[in-house]
Amino acid sequence: MGDIFTNLGLGFGVVFQFVQWTPAFLGGISIPIPVNILLCLIGALVGTLVGVLPGIGTIATVAMLLPITFGLPPVGALIMLAGIYYGAQYGGSTTSILVNIPGEAGSVVTALDGFQMAKRGRAGPALAIAAIGSFFAGCVATVLIALLGAPLTRIALAFGPAEYFSLMVLGLIFAVVLAKGSVLKAIAMIVLGLLLSMVGSDIETGASRMAFNIPELADGLGFATLAMGLFGFAEIIRNLDAGGETDRKLVQEKVSGLMPTRRDLKETTPAILRGTVLGSILGILPGGGAVIASFAAYTLEKKVAKDPSKFGHGEIRGVAAPESANNAAAQTSFIPLLTLGIPPNAVMALMVGAMTIHGIVPGPQVMQKQPDLVWGMIASMWVGNLMLLIINLPLVGIWVRLLRVPYRLMFPSIVVFCCIGIYSVNNAPTDVMIAGAFGLVGYWLIKHDFEPAPLLLGMVLGPLMEENLRRALLISRGDWSVFLTRPLSAVLMAIAAALLILAVLPSLRKKRDEVFVESEN
Amino acid sequence: MNATPGHAPVKSIMPNWVRNPQEFVGGIALMAIAVFALWASSDLQGMRGFSFGAGTAPRMFGFLLLGLGALITVVGVVTEGPHLAKYHWRGPFFVTIAILTFAFTIRPMGMIFAAMAAFLIAACGSPETRWKETLIVAVCLTTFCSLLFPYALGLPLQLLPTFLIR
C-alpha cells in the first residue's frame, strides 16, 4: 500500500514540477513556472478545441495534434498528449450534446439523450453532468491504475515471447469482437495492418521488405503519417461528400443555466457509479476502450431503470452513465499500455507511436527504468480531468460559438494543418504524399464499410507480434505447440478462441448487434 | 504499398449473382492487395530450418489476407447487402491535389506559399466556398501556422522560398 503512495507522490511531484524562468526583460528576476501543469492545460484546451469540431473524432484529433508535442521533452510531451486525449473526448461529447453530430462511435450514445436535453433547453446541465461524471470516473480510474500498475508489471516480467504473442492475439480478437460491424471484415483490416507494418527493413536480418528501393519506405511506413491519412484526410473527404452544411442543425439558443439541479444530481449519482465501474473494467480488457464502455453503460442504465421509456427523450442518466464509463475506460486503457506495452485500442496505438518517436519503448521496463514518466503521466491524468472540469464549464460558450464556424472554412484549414504536421515529423515531402494516398484508401474503406481503427491497431502490433513469434519459435526450436503447452499462453489462446467462436455464433451476434443498433434508432 | 487501389472499379451494373456488391468488391480488392504483397515479398528469404527468414511473416500475413479476402468475396455472393456507395469526385480530387501541391512546393517555395496554395486548392473541393472569406481565412491561418510551428514549437520549417533566402 505504501508503495502506491510513494509512486503517486512521485507522479504528482513530476506534474507539479516548477522550472525557474529568468527572462531577460525582467532583469534577473526568476519566475517559477509549473511547466507540466501548463502543458496539460494547453493539451486539454487544444484537444477540446479540435475535438469539438463536428466530424472529427478522438483518433483524428490526437493524430492531428501529435506533431505539436514533438519539440517537447518526453515527459512533457506525453503529459500534453494525455491532456489532448481527454480534451478531445470531452470536446466530442460537447458536439454530440449540442449539435447531435458525434465525432466518433464513443459519443454516439451521448448524443441520444444529450441532444434531446439540449433541444429542451437543458444543454447546460447535460454538459455539466458529463463533466462531473467524467471527473469522478477519472478520479476512480487514476487510483485504479496506481493500484494495478505495479502488480501487473510484475506479471508482465514473467511473460516470455510465447505469452506475449498469445496476449496480443487475445487483444486483437477482443478488438474484433467488441468492434462494430462485421467480424470478418474487422479481422481482414487487422491483417492488412499487420501486412503494412512489414514494409521497411526486417528487424533481425535488415533485409528490405516490400520497399521497392524507395528510400523513404526503407524505414517503414510512418505511424503518424498513416494515422493522419486514414483519419484526418479520409474524414475530410468523407464529410465533403455529406454536403457539409446541409445536415448541420445548430443549437441557436443560448446555453444558459449550467448547473444541474439537486434532483439531477441525486438521480445521476448511482448512474455515474455504475458507469464508472463498468467503464473501468471494460477499459482494462485489451481491445476494449471507450466505445464499448459507453454503449454497455447506456444499455445497463436502461435495464436497471424503473421507466426505461424515458431514455432517448432527454433522460439525464442516459448522459451521465455513458460519459462516466467513457472516461473511466479511456483512462484504464492506459493500464495494458503502460504495464505490458500493448496498446488496447487505436488511440493507445497512437500513444505508442508518440512514445517511439521520443525513443521510449512502452512495456514493463519503462515502469522500472523511467518511473517518473509513468507516474507523472498517471498523475497528469487526474490533473487533466480536473482541468476539464474547471476550464471547460466556463468555456462552453466559446465552444458553442466554434461550432458555428462553417465547414467550408474549416476543412481547408484542417488539410493545411495536417500537411504541415506530417511534414514536420521527418521534414519529408514524401510522407505528405503517402498520407494523401492513405486518405484516399481510408475514403474507399469507409465506402465499403471497413473500419480503419483495427487497421491502425494491427499496424502498431505488427512488429511486436512478429518479433515475439520469431523468438518463441526459436526458443522452442520450431515447435508451434509451444503456444499451447505453456500454461499461461494456453489460457490466453483458449480465451481468444472461445471469444471468436462466441462472436460468430448467431445468438450472441444478434445481441451484440442489438446494442449497437439500438443506439442508432 | 502505393499500389493499393484508391478506387475499386465502380460499376453500376454488377452481375446478378452478386447480391452484396459492397462486400464483393471489398473482398476482391483485399485479395488483390494480398497478391501484390505476396509478389512484392517473393524475393525475400523464407524459413531457414526453424528460424524465420525475412519473408516468412509477410508471406504468412499475405496468405491470411488472401484467405480473408476470398471469404469476404464469398459473403458478398451469398448474402443480401447494400449497393456500392456513390463516390463523389470533387472533394477527393481537390483535397488530393492540395496535398500534392503542398508536398511539391514546401521544399522549394517554403511554408508560406505551400500553405496558402494548399488552402486555396482544397477550398475548391466544396461548392459552398465563397472566395472573399476564404482568402481572409487563408491569410489568417497561414500567419498563425507561420508563428506556431517554427517559433512557438521550434520546428525547423523554412518559411520563405529558397530563391529569396539566397
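Residues numbered from 1 in each chain as written. Chains lettered and ligands numbered in written order. Predicted model: local features only at pLDDT ≥ 70, side-chain atom pairs only at ≥ 80, totals over all residues.

## Brief notes about the overall build of chain A
Here's step 1: A tally of helices and strands in chain A yields 22 helices and four strands.
Here's step 2: In chain A, buried positions account for 60% of the 521 residues.
Here's step 3: Long-range pairs, those at least 24 residues apart, make up 78% of the contacts in chain A with a sequence separation of at least 6. (Helix = DSSP H or I, 4+ residues; strand = E, 2+ residues; numbered from the N terminus. Buried ≥ 20, exposed ≤ 12 C-beta atoms within 10 Å, placed from the backbone. Contact = placed C-beta atoms within 7 Å.)

## Quick word on the interface of chain A and chain B
Here's step 1: Contacts between the two partners involve 57 residues from chain A and, on the opposite side, 68 residues from chain B.
Here's step 2: For the side of chain A that touches chain B, the secondary-structure elements that each account for two or more residues are α8 (183–197), α9 (223–241), α17 (407–426), α18 (429–447) and α19 (452–475) of chain A.
Here's step 3: In terms of residue count, the dominant contributor to the side of chain A that touches chain B is α17 of chain A (eleven residues).
Here's step 4: Partitioning the side of chain A that touches chain B into residue classes produces 37 nonpolar, nine polar and eleven charged. (Nonpolar A, V, L, I, M, F, W, Y, C, P; charged D, E, K, R; others polar.)

## What about unusual backbone geometry?
All names here are of chain A.
Here's step 1: The phi dihedral of Asp-449 is positive, around 65°, even though this residue is not glycine.
Here's step 2: Its place among the elements puts Asp-449 in the loop between α18 and α19.
Here's step 3: With 16 C-beta atoms packed within 10 Å, Asp-449 lands in the partly exposed category.

## Points about the packing of α9 of chain A against α17 of chain A
All names here are of chain A.
Here's step 1: Running from N to C, α9 and α17 cross one another at 165°; their axes reach a closest spacing of 11 Å. As the angle between them shows, α9 and α17 are arranged roughly antiparallel. Read as a crossing pair, α9 and α17 show a hand that is left-handed. Where α9 abuts α17, its residues Ala-224, Thr-225, Met-228, Gly-232, Phe-233, Ile-236, Asn-239 and Leu-240 lie against Tyr-407, Phe-411, Ile-414, Val-415, Cys-418, Gly-421, Ile-422 and Val-425.
Here's step 2: Considering only residue class, the contact of α9 with α17 consists of twelve nonpolar, four polar and no charged. (Axes fitted to C-alpha atoms, helices over the stretch in contact; angles between N-to-C directions. Parallel < 35°, antiparallel > 145°, perpendicular 65-115°, else oblique. Left-handed = near helix turned anticlockwise from the far one by under 90°.)

## What about the environment of Gly-458 of chain A?
Residues and elements named next belong to chain A.
Here's step 1: Position of Gly-458 among the secondary structure elements: in helix α19.
Here's step 2: By C-beta crowding, Gly-458 is classed as buried, having 26 other C-beta atoms within 10 Å.
Here's step 3: It is 6.5 Å that separates the C-alpha atoms of Gly-458 and Val-191, two residues lying 267 residues apart in sequence.

## Considerations on helix α3 (residues 90–123) of chain B
Here's step 1: Its 34 residues place the ends of α3 of chain B only 11 Å apart at the C-alpha level, less than the 50 Å of an ideal helix rising 1.5 Å per residue.
Here's step 2: At Gly-110 of chain B, α3 of chain B shows its maximal kink, close to 140°. (Expected span 1.5 Å × (residues − 1). Bend = angle between axes of the 7 residues up to and from the residue.)

## Observations concerning the confidence of the model for chain B
All names here are of chain B.
Here's step 1: In this model, chain B carries a mean pLDDT of 81, and residues with pLDDT of at least 70 account for 89%.
Here's step 2: Across residues 1–11, where pLDDT falls below 50, the model places 19 contacts with residues more than four positions away in sequence or in other chains.
Here's step 3: Overall fold confidence for the complex sits at a pTM of 0.80, while the interface term, ipTM, reaches 0.85. (pLDDT = per-residue confidence, 0-100.)

## A few points about the nonpolar core
Across soluble globular proteins, nonpolar side chains show a tendency to be buried alongside one another.
Here's step 1: Counting 224 residues, the largest nonpolar core has Val-62, Ala-63, Leu-350, Val-415 and Cys-419 of chain A together with Ala-118 of chain B as its most contacted members.
Here's step 2: Ranked by residues supplied to this core, first place goes to α3 of chain B with 17 residues.
Here's step 3: In this view, Leu-350 of chain A contacts Ile-59, Val-62, Ala-63, Leu-66 and Ala-227 of chain A; residues no more than four positions away in its chain are not counted. (Core = buried A, V, L, I, M, F, W, Y, C linked by C-beta atoms within 7 Å.)

## Concerning helix α6 (residues 123–157) of chain A
Here's step 1: For α6 of chain A, with 35 residues, the first-to-last C-alpha span of 48 Å sits near the 51 Å given by 1.5 Å per residue.
Here's step 2: Of all the bends in α6 of chain A, the greatest reaches close to 35° and is centred on Gly-149 of chain A; the proline Pro-151 of chain A follows between one and four positions later.

## Structural notes on the confidence of the model for chain A
All names here are of chain A.
Here's step 1: Confidence in the prediction of chain A, expressed as mean pLDDT, is 79, and 88% of residues score 70 or more.
Here's step 2: The secondary-structure element of chain A with the lowest mean pLDDT is helix α22 (residues 506–520), recorded at 56, while α18 shows the highest, at 90.
Here's step 3: Ignoring residues within four places in sequence, the model shows residues 244–249, a span with pLDDT below 50, making 14 contacts including any to other chains.

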